[in-house]
Amino acid sequence: MSEQEIHVGECGDETIAAESNAVPPRPQRIVLTLVTGFALLIFSLFLSLTTGIFPISYAELWEVLFSSNPDPLLKEVVYQTRIPFALDMLLLGGGLAVSGTLLQLRIANPFASPTLTGLMPGAMVGLCVVLLLGMNIDSFGGMALCIAGAVFGGFIVFTLNRIRFIRGRSAGIHLFMIGFIIDVALRSISGFIVLFGEKSQEWAMSVGGWGIREGSFTFWLTLVTLLVAGSVFAFPKQLKPLYIPFAIVLTAITVWACGTIGYIGLIVPYFMRCMIGNRPRLLLLGSILWGGGLLMLAKVISARIHEPVGLPLTPVLACIGIPLLIFMMWREWQRGSMLENGKF
């Protein structure tokens, strides 16, 4: 990677590839980023608890949470429906953000995300195959096919990315172009499978990223997220070779649980690395806070735009993701031009 240099991260003696001219962020900025992420998470949680088919005011929510004798109906709605759903959003957002963070740390590319590395569209193809075969989605077979699809999509992108057939551009632009092409191709395959299925509308809902389906998905997503985040947090240097397999499993489990959700795995890790630097433990913590909070907020916005069903989460997240992606493209294109002119 001629345009990138090596600097020492906070993983003992570990060296992590980073963008050139990277400046370690100040501790105050790191603390502010984490505190703001926690505040976003709490704010989104309160909005999520008051949003839904059955409206609940802030005063009623306060009574349910802190009163000794709350309304039984409100208590049932909050504790049995709203809080579990909010925790699902936290798991989904945190899992995707952690997956993107692991990919960016491992291959040192700002465009490394579950979508642009082929993991998410590959897992979606696996999910569509599960539906086409008539298998029970809530089964180990369904999970295994999603993981196999993610491996397949990632293998294609990483193999083509090694060829470097697009000359004169930075590694980020190269990965983006290849990832975008493979993403479109795999999504087209998934679309054909859904289109020609017997229950095309139901299948479209299954892969469209509306939220976690009923079943044991929450248990497995919780287990995998905690295991991956906890393991990397405890042993960031020793487990570095497993960052990509961890990201594959996390992304596949997320797609298996709710379908595809774009942009979270790209914008949150990129923002975290800009604010925190290449510190795996702090990046994991920040990714969970910001990823979970942002996805909860997106779900609230989608529910209020189109009540009571809401919208798929990806179009709402695109309002933030597309402008950031354009900025990233411009930045990497400028860097590639500087490389051509010999300024680096």
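This text goes with the structure placed above it.
Residues numbered from 1 in each chain as written. Predicted model: local features only at pLDDT ≥ 70, side-chain atom pairs only at ≥ 80, totals over all residues. Heavy atoms only, no water.

## Digging into the overall build of the protein chain
Regarding its fold elements, the protein chain presents 12 helices and two strands. When its helices and strands are written in sequence order, the protein chain yields β-β-α-α-α-α-α-α-α-α-α-α-α-α. The buried share of the protein chain, reckoned over its 344 residues, is 52%. Expressed as a percentage of contacts within the protein chain between residues at least 6 apart in sequence, the contacts between residues at least 24 apart total 73%. (Helix = DSSP H or I, 4+ residues; strand = E, 2+ residues; numbered from the N terminus. Buried < 20%, exposed > 50% of the residue type's maximum accessible area, 1.4 Å probe, protein only. Contact = heavy atoms within 4.5 Å.)

## With respect to the nonpolar core
Formed by 78 residues in total, the largest nonpolar core has its most connected members in Leu102, Phe111, Ile261, Ile264, Val268 and Leu295. With residues up to four places along the chain from it excluded, the contact list for Leu295 reads Met89, Leu92, Gly93, Ile261, Ile264, Leu313 and Leu317. (Core = buried A, V, L, I, M, F, W, Y, C linked by side-chain atoms within 4.5 Å.)

## Structural notes on the packing of helix H8 (residues 217-234) against helix H11 (residues 280-305)
Running from N to C, H8 and H11 point in directions that differ by 155 degrees, and their axes come no closer than 8 Å. What the angle tells us is that H8 and H11 run roughly antiparallel. The element H8 and its partner H11 pack so that their crossing is left-handed. Contacts between H8 and H11 involve Ala229, Val232, Phe233 and Ala234 from the first element and Arg281, Leu284 and Ile288 from the second. (Axes fitted to C-alpha atoms, helices over the stretch in contact; angles between N-to-C directions. Parallel < 35°, antiparallel > 145°, perpendicular 65-115°, else oblique. Left-handed = near helix turned anticlockwise from the far one by under 90°.)

## Focus on the packing of helix H3 (residues 72-107) against helix H10 (residues 264-276)
Helix-helix packing is characterised by the crossing angle of the two axes and by the distance between the axes. Closest axis-to-axis distance for the H3/H10 pair is 8 Å, and the angle between their directions is 60 degrees. What the angle tells us is that H3 and H10 run oblique. Once H3 is placed against H10, the crossing between them reads as right-handed. Contacts between H3 and H10 pair Gly93, Leu96, Ala97, Gly100, Thr101 and Gln104 from the former with Ile264, Gly265, Leu266, Val268, Pro269, Tyr270 and Arg273 from the latter. Its residues assigned to classes, the contact of H3 with H10 shows seven nonpolar, five polar and one charged. (Nonpolar A, V, L, I, M, F, W, Y, C, P; charged D, E, K, R; others polar.)

## Comments concerning the packing of aromatic side chains
Taken as a whole and assessed by the stated rule, the structure comprises seven aromatic pairs. A centroid spacing of 6.1 Å and a plane angle of 20 degrees characterise the contact between Phe176 and Phe180, whose relative ring orientation is stacked. Taken together, the positions of Phe176 and Phe180, both in helix H6 (residues 171-195) and four residues apart, correspond to about one turn of that helix. Members of the aromatic cluster, connected to one another through ring pairs, are Phe111, Phe176 and Phe180. Between the NZ or CZ atom of Arg281 and the centre of the ring of Phe233, over which it lies, the distance is 6.0 Å. (Phe/Tyr/Trp six-rings, centres within 6.5 Å; stacked < 30°, edge-to-face > 60°. Lys NZ or Arg CZ within 6 Å of the ring centre and 35° of its normal.)

## Considering the pattern of salt bridges
For the structure on display, the rule yields one salt bridge. Among the ionic pairs, Asp183 bridges to Arg187, the shortest N-O distance being 2.7 Å. Residue Asp183 and its partner Arg187 are both found in helix H6; the two are separated by four residues, about one turn of the helix. Residue class for Asp183 comes out buried when judged on its relative accessible area of 10%. (Salt bridge = Lys/Arg side-chain N within 4 Å of Asp/Glu carboxyl O.)

## Details of unusual backbone geometry
Positioned with a positive phi, Ala108 is a non-glycine residue whose angle comes to about 55 degrees. Accessibility expressed as a relative area gives 4% for Ala108, which makes it buried. One non-glycine residue, Tyr263, lies in the positive phi region at around 75 degrees. Mapped onto the elements of the fold, Tyr263 is located in the loop between helix H9 (243-258) and H10.

## Concerning the environment of Val255
Mapped onto the secondary structure, Val255 falls in helix H9. In sequence terms Val255 and Leu92 are 163 residues apart; their C-alpha atoms lie 9.4 Å from each other.

## Regarding the side chain of Thr51
Its location among the elements puts Thr51 in the loop between helix H1 (27-50) and helix H2 (58-66). Taking the relative accessible area as the measure of exposure, Thr51 reaches 13% and is therefore buried. A polar contact of 2.7 Å, which involves the side chain of Thr51, links it to the backbone oxygen of Leu47. Those residues in contact with Thr51, other than ones at most four positions away along the chain, are Arg82, Val300, Ala303 and Arg304. (Polar contact = N/O pair within 3.5 Å; in protein donor to acceptor, adjacent residues only side chain to side chain.)

## Here we look at H9
Given 3.6 residues per turn, any residue in an α-helix points the same way as the ones three and four places further on. The terminal C-alpha atoms of H9, which comprises 16 residues, lie 23 Å apart, in line with the 22 Å expected from a rise of 1.5 Å per residue. In terms of burial, H9 is a largely internal element, 13 of the 16 residues being buried. Two residues or fewer after H9 comes Gly259, characterised by a positive phi angle close to 95 degrees. (Expected span 1.5 Å × (residues − 1).)

## A short note on the environment of Val184
Of note, Val184 is situated in helix H6. On the accessibility criterion, Val184 (38% relative accessible area) is partly exposed. The sequence separation of Val184 and Pro121 amounts to 63 residues, and the corresponding C-alpha distance is 8.3 Å.

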